[in-house]
Amino acid sequence: MLRLFALVAAAVAFVLTAFTAPILPAETPTLPATPFNYANIALPQHLNVPPVQNTDNTPAENPITDAGATLGRVLFYDTRLSANQTVSCATCHRQEQGFSDPGILSIGFEGGETGRHSMSLAFARFYDNGRFFWDERAETLEEQVLMPIEDDIEMGMTLDDVRARLEATDFYADLFADAFGSPEVTDEGMSRALSQFIRSMVAPNSKYDQGRIGQPLTPFTWPKDNFTDQENLGLRLFYGDAECASCHFGDLQATIETFNNGLDAVTTDEGAGGGQFKSPSLRNIAVTAPYMHDGRFATLEEVVDHYDRGIQPHTNLSHLLRRIDSPPGRPSVPLRLNLTDEERAALVAFLRTLTDESFLADERWSDPFAEVVAGEDDAVQPAAVTLSAVYPNPFHDEARVQVTFAQATSATVAVYDLMGREVALLAEGMQPAGTQTLRWAAAGLASGVYLVRVQSAGGVATRTVTLSQ
């Protein structure tokens, strides 16, 4: 067995030597000398008023601090929190996707699927009852952030094992000391830090916010000078005839309770009871597809179609979505908006104004473990290409390869066996700037260790992945 291990290790080393440029392992976070500002992020006037601020669920005993949120950022992106060190919180909550997941369901540390779609996190602190998950089973964010770590599908750890692993990691003692005055790694410290980081996630610089500046402090102020005619029509419908704001009200387009929104006539998922589910703020919704707790809708157009003419009768259907003449205690008669094609398109256009593009790339909430590539002058520069993750690892049938390009570039993403032979070509040619997730179906290949390699003019990145058929 030892001989076999040595041969495999030597083969991996050989292939890495043959196929990689100098890659610095992403084992230690890169953090600014002075912590980022998390505690006092300025909000525009329309978000700094009682209707918004009164929904803030930050507990008095866990206010956001710069040092606490910095620790939370590191924990959020650290794969050490999962049993085989392949999954982090950020695996299922991706910044460029508004801290949601582009998959219908998320993939856990051993390739299993989560029970529901990953919920977006921006403005999560502005939900006044403070409960989390689609079914609100976590009474506080401080409770929620530790639950995926101990989940058998998601991360598969015990808190005892996490503490031991972090205690053995040099940089955590200083981070805990900065945040809480003691180098001791504790469950409470992890919970508080992760909660602070998530509550710091605010995205107040969307086109909608820009249009609100200087306007009266009422959400429905129409028209907005920076909107197109189509976007203004969508705004008027959202806060008017389409009645979207009955549930998603105010300047955060957010709810304050769970709803049964008529996805099914018969309950298929009890949620918080009777098919009722929490709904996050609609901010950044254009980048958080797919939609609903089960990810059933792939596009905003499908979501609008559902509320226009697809709501199903259900005994627990929200009163906001049923006709006034619906008989009590019986399957309700759903509302039908009967919007025109122009009106449905206008609603989608308005929803797209809620995206804060700067939030999706802001370094404060980015991955501090992102790989860096050593250039020819041996100076360390931010990676032009980042191979963020290959997961699940190990995997059985299909792996996902997440790669980020700092700018549009010509690149090749391929998979090699330990003899250096290419077994799969995942992408080739010009690649757009941003993050993409590639799928590698390994049907017909033997179990073993393989190497995923990204090569571009900006650098080379390589990760190993184990196929277990």
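Only a predicted model underlies this, so the values are computations on that prediction, with no experimental measurement involved. (Residues numbered from 1 in each chain as written. Predicted model: local features only at pLDDT ≥ 70, side-chain atom pairs only at ≥ 80, totals over all residues. Heavy atoms only, no water.)

## Details of the pairing of strand S7 (residues 422-431)
Pairing geometry for strand S6 (residues 409-416) and S7, over 8 bridges, is antiparallel. In the sheet register, Ser410 faces S7, and the bridge partner there is Met430. Connecting S6 to the antiparallel partner S7 that follows it, the hairpin turn spans 5 residues, and Gly420 within it adopts a positive phi of roughly 85 degrees. (Pairing = 2+ DSSP bridges. Helix = DSSP H or I, 4+ residues; strand = E, 2+ residues; numbered from the N terminus.)

## Some remarks on the packing of helix H11 (residues 300-310) against helix H12 (residues 341-352)
In the contact formed by H11 and H12, the axes pass within 10 Å of each other and the chain directions differ by 125 degrees. As far as their axial angle goes, H12 and H11 are oblique. Here H11 runs over H12; the crossing is right-handed. Of the residues in H12, those touching H11 at Leu300, Glu301, Val304, Asp305, Asp308 and Arg309 are Arg344, Leu347, Val348, Leu351 and Arg352. Tallied by class, the residues present in the contact of H11 with H12 amount to 5 nonpolar, no polar and 6 charged. (Axes fitted to C-alpha atoms, helices over the stretch in contact; angles between N-to-C directions. Parallel < 35°, antiparallel > 145°, perpendicular 65-115°, else oblique. Left-handed = near helix turned anticlockwise from the far one by under 90°. Contact = heavy atoms within 4.5 Å. Nonpolar A, V, L, I, M, F, W, Y, C, P; charged D, E, K, R; others polar.)

## A word on the pattern of salt bridges
Under the defined criterion, the tally for this structure stands at 23 salt bridges. Put simply, Arg116 and Asp269 hold a salt bridge, and the shortest N to O gap is 2.8 Å. Note that Arg116 is positioned in the loop between helix H4 (89-92) and helix H5 (141-144) and Asp269 in the loop between helix H10 (229-239) and H11, a separation of 153 residues in sequence. For Arg116, a relative accessible area of 19% corresponds to the buried category. Its salt-bridge partner being Arg344, residue Asp308 comes within 3.2 Å of it at the nearest N-O pair. Residue Asp308 is found in helix H11, and its partner Arg344 is found in helix H12; the two are separated by 36 residues along the sequence. Its relative accessible area of 14% is what places Arg344 among the buried residues. (Salt bridge = Lys/Arg side-chain N within 4 Å of Asp/Glu carboxyl O. Buried < 20%, exposed > 50% of the residue type's maximum accessible area, 1.4 Å probe, protein only.)

## Side note on the side chain of Glu142
As for its placement among the helices and strands, Glu142 is situated in helix H5. The buried category is assigned to Glu142, whose relative accessible area is 15%. A polar contact of 2.7 Å, which involves the side chain of Glu142, links it to the side chain of Arg199. Ignoring any residue separated from it by four or fewer positions in sequence, one finds Glu142 in contact with Pro59, Asn62, Ser191, Ser195 and Arg199. (Polar contact = N/O pair within 3.5 Å; in protein donor to acceptor, adjacent residues only side chain to side chain.)

## Examining helix H3 (residues 66-77)
Residues spaced three or four apart along an α-helix point in a common direction, a consequence of the helix completing one turn every 3.6 residues. With 12 residues, H3 should reach 16 Å at 1.5 Å per residue; the first-to-last C-alpha distance of 17 Å fits that figure. Burial within H3 is extensive, with 10 of its 12 residues counted as buried. Taken together, the buried residues of H3 touch H4, helix H6 (159-167), helix H7 (170-180) and helix H8 (187-199). (Expected span 1.5 Å × (residues − 1).)

## Notes on the environment of Ser195
Tracing the chain through its elements places Ser195 in helix H8. On a C-alpha basis, the gap between Ser195 and Arg73 in space is 9.8 Å, while along the polypeptide they are 122 residues apart. Residues within four places of Ser195 in sequence aside, it is in contact with Asn62, Leu141, Glu142 and Val145. A polar contact of 3.4 Å, which involves the side chain of Ser195, links it to the backbone nitrogen of Glu142.

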